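Listed here are the chains, written in short residue letters.
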Amino acid sequence: MAQHRDRLLPAAFVVVWSSGYLAGTVGAHSGPPLALLFWRFLLAFVVLCVLAVVTRAPWPTRPRTYLHLLVTGFLLQTVQFGPLYLGLGMGVTAGVAAMIMSACPLVVAAAAVPLFGERLTGRQWVGLTVGLAGVVISLSDRLNGGGSLAGYALTGLALLGFAAGTLYQKRFGGSVDLRTGTTVQLVAGMITTLPLAAVHGGVLLPMTTPAIGSTVWLALVNSIGGFTMLFLLLRHRSGGAATSVLYLVPPVTALLAPVVLDQTTSMTVFIGMAVSGAGVLMTVLTRRVPSGKRLLSVFRLGRSGVALDSTARQGVRFDG
């Protein structure tokens, strides 16, 4: 049974995680992107809150813990997904968006040096450079082909929100139960997204199958199912194995996009993915120094709390 789980769980996780970019693209083109985000947060919050109450999950007891959860939620929910959905609505393809967001460990690794005194080896610095070069290669023909520069800039801002939330988690780590911790995180996302949605297209979603279907999919399958799978991966696999699975998401998203969205994917995107993936491996999987393991744990914590969505996984450390 354990062997079947170890084989099937990573594959299922990659498909589910990739589906978030596809469903996000459908939703962003079916109605106001920020309205989609608000209702996604709200639906996931209701489900997780009920789950936490029914299973009697412990809630934080210190006010400061709630403050840290709210800040983390603002960064990982609003700052990450707000610009991401706006970028998708402006024509950034699902595959390219996944590629840009996959650069998060590179940003975290670079920022951890001045912020936390992490020391990188020469091999890791080369990896950072190679990884960023891969992103440039992936975007080269898009930027020259009349694509929306604002859309790419917003997706870059989403990446910074993801990385900042991950770094905040490292600074204010704790042991909050994730059923309740991610519920509080979603509250921050809802509160901060609501006024933004009100002034950018309104908070009402059109009552169409693409709009409603994508919202339900993103809230339940990605916000809850995807992160539950990630939690299980982190519990049953090493940190390196779990994080390496995450880098299969961009190519799978790019492969599914022509089928699901009728979006074309150029060869430069795949070349860039390969280059960036090599850079990421050089950066986060090196075993020369202890700081490499610390960097892996930083990214692991960031992904487990990234509630692009939110989820409940007891026993995993979450910032508090």
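Residues numbered from 1 in each chain as written. Predicted model: local features only at pLDDT ≥ 70, side-chain atom pairs only at ≥ 80, totals over all residues. Heavy atoms only, no water.

1. Remarks on the packing of helix 4 (residues 94–101) against helix 11 (residues 249–260)
Working step 1: Where helix 4 contacts helix 11, the two axes come as close as 8 Å, and the packing angle between them is 175°. Relative to helix 11, helix 4 is oriented roughly antiparallel. Residues Ala-94, Gly-95, Ala-98 and Met-99 of helix 4 form the contact with helix 11, whose participating residues are Pro-250, Thr-253 and Ala-254. (Axes fitted to C-alpha atoms, helices over the stretch in contact; angles between N-to-C directions. Helix = DSSP H or I, 4+ residues; strand = E, 2+ residues; numbered from the N terminus. Parallel < 35°, antiparallel > 145°, perpendicular 65-115°, else oblique. Contact = heavy atoms within 4.5 Å.)

2. Concerning the environment of Leu-178
Working step 1: Within the secondary structure, Leu-178 sits in helix 8 (residues 178–199).
Working step 2: Given a relative accessible area of 0%, Leu-178 falls into the buried group.
Working step 3: Here the alpha-carbon distance between Leu-178 and Leu-48, two residues 130 residues apart in the chain, equals 9.7 Å. (Buried < 20%, exposed > 50% of the residue type's maximum accessible area, 1.4 Å probe, protein only.)

3. Description of the confidence of the model for the protein chain
Working step 1: Taken over all residues, the pLDDT of the protein chain has a mean of 78, while the share at 70 or more is 76%.
Working step 2: Per-element averaging of pLDDT across the protein chain places helix 13 (residues 290–305) at the bottom with 44 and helix 2 (residues 33–54) at the top with 95.
Working step 3: Across residues 288–320, where pLDDT falls below 50, the model places 138 contacts with residues more than four positions away in sequence or in other chains. (pLDDT = per-residue confidence, 0-100.)

4. What about helix 8?
Working step 1: The end-to-end C-alpha separation of helix 8 is 32 Å, in line with the 32 Å expected for 22 residues at 1.5 Å each.
Working step 2: Most pronounced at Thr-193, the bend in helix 8 amounts to some 30°, and the proline Pro-195 follows within four residues.
Working step 3: One side-chain oxygen of the residue at the start of helix 8 lies 2.8 Å from the amide nitrogen of Arg-179, identifying that residue as Asp-177.
Working step 4: Just beyond helix 8, the residue with positive phi is Gly-201, at close to 100°. (Expected span 1.5 Å × (residues − 1). Bend = angle between axes of the 7 residues up to and from the residue. Polar contact = N/O pair within 3.5 Å; in protein donor to acceptor, adjacent residues only side chain to side chain.)

5. Structural notes on the packing of aromatic side chains
Given two aromatic rings, their pairing is described by the distance between the two centres and the angle made by the two planes.
Working step 1: Applying the stated criterion across every chain yields a total of three aromatic pairs.
Working step 2: Ring geometry for Phe-38 and Trp-39: centres 5.4 Å apart, planes at 75°, overall edge-to-face.
Working step 3: When its relative accessible area of 33% is taken as the criterion, Trp-39 is described as partly exposed.
Working step 4: It is Arg-40 that lies over the ring of Phe-81; its NZ or CZ is 5.0 Å from the centre. (Phe/Tyr/Trp six-rings, centres within 6.5 Å; stacked < 30°, edge-to-face > 60°. Lys NZ or Arg CZ within 6 Å of the ring centre and 35° of its normal.)

6. Here we look at helix 2
Working step 1: With 22 residues, helix 2 ought to run about 32 Å at 1.5 Å a step, and its terminal C-alpha atoms sit 32 Å apart, in line with that.
Working step 2: Looking only at helix 2, the buried set comprises Pro-33, Leu-34, Ala-35, Leu-36, Leu-37, Phe-38, Arg-40, Phe-41, Ala-44, Phe-45, Leu-48 and Ala-52.
Working step 3: Remark: Arg-56 follows helix 2 within two positions and exhibits a positive phi of approximately 55°.

7. Focus on the side chain of Thr-253
Working step 1: Within the element layout of this structure, Thr-253 appears in helix 11.
Working step 2: Other than its neighbours up to four places away in sequence, Thr-253 contacts Ser-18, Tyr-21, Leu-22, Ala-94, Gly-95 and Ala-98.

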